[in-house]
Amino acid sequence: MAGSPSMPPKNSYHVRSISLPSRSHPLALRAGEEINKLRTWETSLTSSSETISNGLGSLENLYNCVEDFLQLPLTQQAIAHHRHEKWVEEVLDGSVRLLDVCGATREILSSIKERVQAARFAFRRRSSLEVNTYIRSRKKAKKDVTKLLGALKQMDNKFATPPLLDQDQHLSMVVKIVRELRTVTISVIQATLSFLSASRSRPSKWSLVSKLMHKGLVAREGETNQMNEFENADVALSALSQHMLDKNAEVERIQTAQNHLGALELGVVDVEARLECVFRRLIQIRVSLLNILSC
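Residues numbered from 1 in each chain as written. Predicted model: local features only at pLDDT ≥ 70, side-chain atom pairs only at ≥ 80, totals over all residues. Heavy atoms only, no water.

1. So, the overall build of the protein
Our working rule: Runs of H or I in DSSP of at least four residues are treated as helices and runs of E of at least two as strands, each being numbered from the N terminus. To sort residues, take the accessible area from a 1.4 Å probe on protein chains only and compare it with the maximum for the residue type: under 20% means buried, over 50% means exposed, and anything in between is partly exposed. Two residues form a contact once any of their heavy atoms are found within 4.5 Å. Throughout, the Shrake-Rupley method with a 1.4 Å probe supplies accessible areas, and for residues the shown protein chains are the sole cover considered.
Regarding its fold elements, the protein presents 10 helices and 0 strands. For the protein, the α and β elements follow one another from N to C terminus as α-α-α-α-α-α-α-α-α-α. A total of 295 residues make up the protein; the buried ones form 52% of that total. Once local pairs closer than 6 in sequence are excluded, the contacts in the protein between residues at least 24 apart make up 84%. If you sum the accessible surface of the protein, you get close to 14,500 Å²; carbon and sulfur atoms cover 51% of it.

2. Re the packing of aromatic side chains
What counts here: Between the rings of Phe, Tyr and Trp (Trp by its six-membered ring), a pair exists once the centres lie within 6.5 Å; its type follows the angle of the planes, with under 30 degrees stacked, over 60 edge-to-face, and the other angles tilted. Think of it as a cone above the ring: NZ of Lys or CZ of Arg counts as a charge over the ring if it is within 6 Å of the ring centre and within 35 degrees of the ring normal.
Under the criterion given, the structure shown has 1 aromatic pair. One residue, Arg106, lies across the ring of Phe279, its end atom 4.1 Å from the ring centre.

3. Section: helix 1 (residues 26-43)
Definition in use: One less than the number of residues in a helix, times 1.5 Å, gives the span that helix is expected to have.
In this model helix 1 runs 26 Å from its N-terminal to its C-terminal C-alpha over 18 residues, within 8% of the 26 Å that 1.5 Å per residue would give. Every buried residue of helix 1 is accounted for by Leu27, Ala28, Ala31, Gly32, Glu34, Ile35, Leu38, Arg39, Trp41 and Glu42. In this structure, the buried side of helix 1 is in contact with helix 2 (49-70) and helix 6 (169-197).

4. Focus: the nonpolar core
Quick note on the threshold: The criterion is simple. A nonpolar core is a set of buried Ala, Val, Leu, Ile, Met, Phe, Trp, Tyr and Cys residues joined through side-chain atoms within 4.5 Å.
Within the largest apolar cluster, 79 residues are counted, with the highest numbers of intra-cluster contacts made by Leu62, Trp87, Tyr134, Leu193, Leu196 and Phe230. Breaking this core down by element, the ones donating at least two residues are helix 1, helix 2, helix 3 (73-81), helix 4 (86-125), helix 5 (129-155), helix 6, helix 9 (229-240) and helix 10 (251-294). Other than its neighbours up to four places away in sequence, Leu193 contacts Val101, Thr105, Val145, Leu148, Leu149 and Leu152.

5. A look at the packing of helix 1 against helix 2
Stated precisely, the cut-off is as follows: With axes taken as lines fitted to C-alpha atoms, and helix axes fitted only over the stretch in contact, angles between N-to-C directions fall between 0 and 180 degrees. Oblique is the label for every angle not falling under 35 degrees (roughly parallel), over 145 degrees (roughly antiparallel), or within 65 to 115 degrees (roughly perpendicular). Each helix crossing is assigned a hand: it is left-handed if the near helix lies turned anticlockwise from the far helix by less than a right angle, otherwise right-handed if that turn is clockwise.
For the pair helix 1 and helix 2, interaxial distance at closest approach is 9 Å and the crossing angle is 165°. Comparing their axes, helix 2 and helix 1 come out roughly antiparallel. As for how helix 1 packs across helix 2, the hand of that crossing is left-handed. Residues Leu27, Ala28, Arg30, Ala31, Glu34, Ile35, Leu38 and Trp41 of helix 1 form the contact with helix 2, whose own contacting residues are Thr51, Ile52, Asn54, Gly55, Ser58, Leu59, Asn61, Leu62, Cys65, Val66, Asp68 and Phe69.

6. A word on the environment of Glu33
If you trace the backbone, Glu33 turns up in helix 1. On a C-alpha basis, the gap between Glu33 and Cys65 in space is 9.9 Å, while along the polypeptide they are 32 residues apart.

7. What to know about the pattern of salt bridges
The criterion, for reference: Take a side-chain nitrogen of Lys or Arg and a carboxyl oxygen of Asp or Glu: if they are within 4 Å of each other, that pair is a salt bridge.
Overall, the coordinates contain 12 salt bridges when judged by the stated rule. A salt bridge links Arg106 to Glu276, with the nearest nitrogen and oxygen atoms 2.8 Å apart. With Arg106 in helix 4 and Glu276 in helix 10, this pair connects stretches of sequence that are 170 residues apart. For Arg106, a relative accessible area of 27% puts it in the partly exposed group.

8. Some thoughts on the environment of Ser48
Defined as follows: Whenever two N or O atoms come within 3.5 Å, that pair is a polar contact, provided that in protein one can donate a hydrogen and the other can accept it, and provided that, for residues adjacent in sequence, both atoms are side-chain atoms.
By secondary structure assignment, the location of Ser48 is in the loop between helix 1 and helix 2. Here the alpha-carbon distance between Ser48 and Gly267, two residues 219 residues apart in the chain, equals 8.3 Å. If near-sequence neighbours (up to four positions away) are discounted, Ser48 is found in contact with Phe195, Asn228 and Glu229. Reaching out from Ser48, the side chain makes a polar contact with the side chain of Thr51 at a distance of 3.0 Å.

9. Quick notes on the confidence of the model for the protein
Operational definition: For every residue, the predictor assigns a confidence score, pLDDT, that lies between 0 and 100.
Mean pLDDT over the protein stands at 79; residues scoring 70 or higher make up 73%. Per-element mean pLDDT across the protein ranges from 36 in helix 7 (residues 204-215) up to 95 in helix 2. Between residues 1-15, whose pLDDT stays under 50, and residues either more than four places distant or in other chains, the model counts 38 contacts. Contacts from residues 200-224, a stretch scored under 50 in pLDDT, to residues over four places away or in other chains number 39 contacts.

10. Thoughts on a positive patch on the surface
Using the following cut-off: Every patch collects residues that have over 30% relative accessible area and no salt bridge, joining them within 9 Å if they carry like charges and within 5 Å if they are nonpolar side chains (Val, Leu, Ile, Met, Phe, Trp, Tyr). The sign given to each residue is positive for Lys and Arg and negative for Asp and Glu; His and the chain ends receive no count. Think of each charge as sitting on NZ of Lys, CZ of Arg, CG of Asp or CD of Glu.
A contiguous patch of positive charge on the surface is contributed by Arg136, Lys139, Lys143 and Lys147. Its relative accessible area of 63% is what places Lys147 among the exposed residues.

11. So, the side chain of Thr192
Residue position: Thr192 is located in helix 6. When neighbours within four sequence positions are excluded, Thr192 is seen to be in contact with Ile52, Leu56, Thr105 and Val271.

What follows is the structure, encoded as structure tokens:
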């Protein structure tokens, strides 16, 4: 589908590992380990709620490590001493932008959850109203996702190299960690948004949708097991929307769509909870940085 956001190929992610001096503070080494775990996650990324939840959970762990690292007196001294340099301003600006995108993603998730719940209830009443509303809301969600992915793309790889890195090893470590933190955060949120859009580069998906819409069929197990929860629900609802009031509609077909919606709701709830935790950690990191700079 031209112009739709897609899940980036696995080799398009930043797959390099962060390398810190062996004599670095243990908290810095812990943060480095968490960053490398996320790098590994990126290389094996699939667009499913379980995978996205795992990535968000790992990101939360990383934020916890970085928060502890920021509380070190040596870290606070290094940041405060260089508070007027451009890289500090860019870190703060980046945190605001990430909060905006993360907050907007939360709103999309919340809206989708409401529409899924309403569509499931509509199935029980054999009403097409909420199902069609869900389908329209999915189109709007994909447009919103496209805008947010564009905002993230503008943020990526825009981090100025601070001066004096060769003369201050701890400062160099601080900058490297916060830079990698922002980069992996962008990657995880990009993956989350791509999951929400249910769009990827595999060409068979839209041809399958077209076939199902034309024949009014539910995809067979062999055709759906490679699609995520959103794709399965989108395909099933698109195929059934015009038959909701048909008394002769197959019970099994409707039940299959119900099952896909139930799986989607569980996945959305899980991702939403994980994203909420990341959002709170983003706020906490920003507060910590502002506190350091205000001392």
